[in-house]
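# Descriptive analysis of the structure
Now for the letters of each chain:
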Amino acid sequence: AVGLLGVAALFPVGSHYLRQGDVSDRADAIAASALNASIARGMLDPENWIIARGIPANNPSRAVYDTNFATAFESDLAAATNDLTSGTNPIADPLLRQIAINRRMNLLYGSIYFLDPLGVAETMSPDVSVLSFNLAGAVSANARFFPATVTLGAFAPGHPAWQPWAAVGGESTGFWPVRRLSVSTGALPINNRPLPPMPPQAEALVVADDDLSIELNDYRGNPYEFTPDNPSQQLWQASNNQPLKRLSRSDFSWALTIVPTTPAARNGLITDPESYSYDVSAVVYHKRAAGGRYDRSQLSPPTFGHDETLVGERMVRAAVGTTGVGGGQLRVSLDGGELPVSPTPNAPLVESPLEKLAEGQWVMLFGPHPQSTSLQPLLFCQWYRVISIEEDPQVSASIFVRGPDWPWTPGGDASDPATGIQNDLRMVIVPDVVTVHTRTMKLNPGSAWDVD
């Protein structure tokens, strides 16, 4: 009897691993498809990106997503160059002038880009009074950064290599180096501002339809009556009893990270993206937490989502423990600079971000490259999968991760200008990510359907 019970206990375990394998297989296929789809749809063209610029003075809890990335970047770069060359703040030394230009552009636009139409759309509300699209809520207003729970005032990097991205004085409202972007779906007819996709459009862009919906045999409502003439069948979207499209469960969605691989490649996004290489990663979510959908007629202004979409993104400090081929050991701890918010309005985060860390999870590790300088600032950023966790994570933990080789080596002091940056890195813990595929590529301005 014990042997039979033991064998029977294996069935649910086997079923669990079968489901995990199915999710992994589908996610891998979707990641490869996402990279191709992003090119075909022009999502890797900086001319199609939308960035949040500024906080309305009359509502500091909101950020406005209504600015074309390429147009604003080009304008601000020209303005910074003119101002620091012959304007109101001229700098005679050309090297010091370039350092100041780099720093000003870093504060405005960062250096790493998280292209996330669905995350932006789920936290937006149409504001008819200004005819722009705003982010509603405490975390949502911070959604212009990744992770959304980072707080600019609490971020205090200890190593001087962070200085090209760190704000001083009155610049504290815009220095975070990882920016969340959306894509343009057109322009508002009145003020001609770019229009980011709302949830239905964003889902059409980045929600995969590979996980088809299947209706299982329900025995015609009677579990004791087997009906072989009523087999499981694919569900279809139909019109006049004519099938139009296969329905899917929409469990998988994706976002992209775009990371310049050289100091010149960031500005090259605007001047000539086909001449520089970028690390483009397709980040695939499974059953990503989404903000609650509201009845538009019941709210003023009508709101589509709230902070639940982004509040799960958490950040910790990381230090390199060991370096190996394809990953290594990291020591992670708190004090990464988080915003004190939670899914419950006006309540603090009561759990440690490390409590969300689990084996098999994907994390994003980033920090200044060892060769980064004030004249040529460069961030390294890659995704890694957690292989094992040695300690019970509350305040700190030692973890082993697998992924691309990183440029840092163990040792040094985080405050030492010559060494130690490997002890002052940042790691983003993102829930629901099941796979990441990275490809080093040149960005193609325009759609694959463009005719030269």
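Residues numbered from 1 in each chain as written. Predicted model: local features only at pLDDT ≥ 70, side-chain atom pairs only at ≥ 80, totals over all residues. Heavy atoms only, no water.

## Looking at the overall build of the protein chain
Stated formally: Secondary structure elements are taken from DSSP: a helix is a run of H or I of four residues or more, a strand is a run of E of two residues or more, and numbering for both begins at the N terminus. Only protein chains enter the accessibility calculation, which uses a 1.4 Å probe. A residue is then buried if its area is under 20% of the maximum for its type, exposed if over 50%, and partly exposed in between. Two residues form a contact once any of their heavy atoms are found within 4.5 Å. Here the accessible surface of atoms and residues is derived via Shrake-Rupley with a 1.4 Å probe, and residues count as covered only by protein chains that are part of the display.
Of the regular secondary structure elements, the protein chain holds 7 helices and 19 strands. By residue count, 48% of the 452 residues in the protein chain fall in the buried class. In the protein chain, once contacts between residues fewer than 6 apart in sequence are set aside, the share between residues at least 24 apart is 69%. Of the accessible surface of the protein chain, which amounts to about 21100 Å², a share of 54% is contributed by carbon and sulfur atoms.

## Section: the packing of helix 2 (residues 69-86) against helix 7 (residues 263-271)
Keep this limit in mind: Axes, fitted as lines to C-alpha atoms, cover a helix only where it is in contact. Angles between the N-to-C directions of the axes lie from 0 to 180 degrees. Our angle categories are set so that under 35 degrees counts as roughly parallel, over 145 as roughly antiparallel, 65 to 115 as roughly perpendicular, and the remainder as oblique. The crossing is said to be left-handed when, going from far helix to near helix, the turn is anticlockwise and less than a right angle, and right-handed when the turn is clockwise. Here the term charged refers only to Asp, Glu, Lys and Arg, the term nonpolar to Ala, Val, Leu, Ile, Met, Phe, Trp, Tyr, Cys and Pro, and the term polar to all other amino acids, Gly among them.
Packing of helix 2 against helix 7 leaves a shortest axis separation of 9 Å and a crossing angle of 115°. Classified by the angle their axes make, helix 2 and helix 7 are roughly perpendicular. Helix 7 is crossed by helix 2, and the crossing has left-handed handedness. Residues Phe 69, Ala 70, Phe 73, Glu 74 and Leu 77 of helix 2 lie in contact with helix 7, whose contacting residues are Arg 266, Asn 267, Leu 269 and Ile 270. Taken together, the residues that form the contact of helix 2 with helix 7 break down as 6 nonpolar, 1 polar and 2 charged.

## Thoughts on the sheet that holds strand 15 (residues 362-368)
Operational definition: By definition, two strands form a pair when at least two bridges between them are found by DSSP.
With respect to topology, 6 strands assemble into a closed barrel ordered 13-14-17-16-15-18, the strand pairing being antiparallel. With direction set aside, neighbouring strand axes in the sheet form an average angle of 45°. Note that strand 13 (residues 314-324) and strand 18 (residues 425-429) share 5 bridges and pair antiparallel. Note on strand 18: the bridge partner recorded for Met 315 is Val 428.

## As for the pattern of salt bridges
Our working definition: Each reported salt bridge corresponds to a side-chain nitrogen of Lys or Arg within 4 Å of a carboxyl oxygen of Asp or Glu.
Inspection of every chain in the model, using the stated rule, returns 6 salt bridges. Residues Arg 104 and Asp 83 are paired through a salt bridge, measuring 3.0 Å at the closest nitrogen-oxygen approach. Placement of the pair is Arg 104 in helix 3 (residues 94-109) and Asp 83 in helix 2, with a sequence separation of 21 residues. Taking the relative accessible area as the measure of exposure, Asp 83 reaches 12% and is therefore buried. The partner of Arg 180 in a salt bridge is Glu 313, with the nearest N and O atoms 2.6 Å apart. You can see Arg 180 sitting in strand 6 (residues 178-183) and its partner Glu 313 sitting in the loop between strand 12 (278-286) and strand 13, a full 133 residues away along the chain. Look at Glu 313 and you get buried, because its relative accessible area is 2%. What you see here is one network of salt bridges that share partners, running through Asp 116, Arg 180, Arg 288 and Glu 313.

## A word on the pairing of strand 10 (residues 242-246)
Pairing of strand 9 (residues 236-239) with strand 10 involves 4 bridges; the strand directions are antiparallel. The residue of strand 10 that forms the bridge with Ser 239 is Gln 242.

## Topic: the sheet that holds strand 1 (residues 49-52)
Read across the open sheet, the 7 strands follow the order 2-1-6-3-11-12-19; overall the sheet is mixed. Both edges of this open sheet fall to strand 2 (65-68) and strand 19 (433-441), since each of them pairs with a single strand only. Pairwise comparison of adjacent strand axes, ignoring direction, gives a mean angle of 35° for this sheet. Its contacts with the sheet place helix 2 against strand 1, strand 2, strand 3 (112-115) and strand 6, and it is angled at close to 60° to strand 2.

## Concerning the nonpolar core
Cut-off, in case you're wondering: Grouping buried Ala, Val, Leu, Ile, Met, Phe, Trp, Tyr and Cys residues that are joined through side-chain atoms within 4.5 Å yields what is termed a nonpolar core.
Ranked by internal contacts, the top residues of the largest apolar core, which has 47 residues, are Val 332, Leu 357, Ile 399 and Met 427. The dominant element in this core, judged by the number of residues it contributes, is strand 16 (residues 379-389), at 7 residues. Those residues within four positions of Val 332 in sequence are excluded, and the remaining contacts are Val 316, Arg 317, Ala 318, Leu 354, Leu 357, Val 395, Ser 396, Ala 397, Ile 399 and Met 427. Ranked by size, the runner-up nonpolar core spans 43 residues in total, among them Tyr 109, Leu 181, Ile 270 and Tyr 278.

## So, helix 3
How we decide: Given the number of residues in a helix, its expected span is that number minus one, multiplied by 1.5 Å. By the criterion applied in these results, polar contacts are pairs of N or O atoms within 3.5 Å in which, for protein atoms, one can donate a hydrogen and the other can accept it, and in which residues neighboring in sequence qualify only through two side-chain atoms.
The first and last C-alpha atoms of helix 3 sit 22 Å apart over 16 residues, in line with the 22 Å expected at 1.5 Å per residue. The complete set of buried residues in helix 3 reads Arg 97, Ile 101, Asn 102, Met 105, Asn 106, Leu 107 and Tyr 109. In the core, the buried residues of helix 3 are packed alongside strand 1, helix 2, strand 3, strand 6 and helix 7. You can read the cap of helix 3 off the contacts: a side-chain oxygen lies 2.8 Å from the backbone nitrogen of Leu 95, and it is on Asp 93. Phi turns positive, to about 65°, at Gly 110, one or two residues after helix 3.

## Re the environment of Thr 257
With respect to the element layout, Thr 257 can be found in strand 11 (residues 252-260). Its relative accessible area of 1% is what places Thr 257 among the buried residues. In the structure, Thr 257 is positioned 24 residues away from Ser 281 in sequence and 5.1 Å away in space, judged by C-alpha atoms. Setting aside residues up to four positions removed in sequence, Thr 257 forms contacts with Tyr 113, Phe 114, Asp 279, Val 280, Ser 281, Val 283, Met 364 and Trp 383. Reaching out from Thr 257, the side chain makes a polar contact with the side chain of Trp 383 at a distance of 3.4 Å.

## Notes on the side chain of Asp 251
Along the chain, the position of Asp 251 falls in the loop between strand 10 and strand 11. Classification of Asp 251 as buried rests on a relative accessible area of 16%. Among residues more than four places away in sequence, those in contact with Asp 251 are Asp 211, Tyr 285, His 286 and Lys 287.

## Overview of the pairing of strand 14 (residues 327-333)
Burial within strand 14 is extensive, with 5 of its 7 residues counted as buried. With 7 bridges joining them, strand 13 and strand 14 adopt antiparallel strand pairing. Bridging across to strand 14, Arg 317 finds its partner in Ser 333. Hairpin geometry of strand 13 and strand 14 is characterised by an intervening segment of 2 residues between the two adjacent antiparallel strands and by a positive phi of about 75° at Gly 326. Alignment of strand 14 against strand 17 (residues 396-402), held across 7 bridges, turns out to be antiparallel. Residue pairing for strand 17: Val 332 is matched across the bridge by Ala 397.

## Some words on the packing of helix 2 against helix 3
Axis angle and axis distance: for two packed helices, these are the angle between their axes and the distance between the axes, and together they describe the pair. Between helix 2 and helix 3, the shortest axis-to-axis distance is 10 Å and the interhelical angle comes to 150°. Between helix 2 and helix 3, the interaxial angle falls into the category roughly antiparallel. In the packing of helix 2 onto helix 3, the handedness of the crossing is right-handed. Here helix 2 contributes Phe 69, Ala 72, Phe 73, Asp 76, Leu 77, Ala 80, Thr 81, Asp 83, Leu 84 and Thr 85 to the contact with helix 3, which in turn contributes Arg 97, Ala 100, Ile 101, Arg 104, Met 105, Leu 108 and Tyr 109. Each residue belonging to the contact of helix 2 with helix 3 can be placed in one class, and the counts come to 11 nonpolar, 2 polar and 4 charged.

Note that all results are geometric; they support no functional claim without further evidence.
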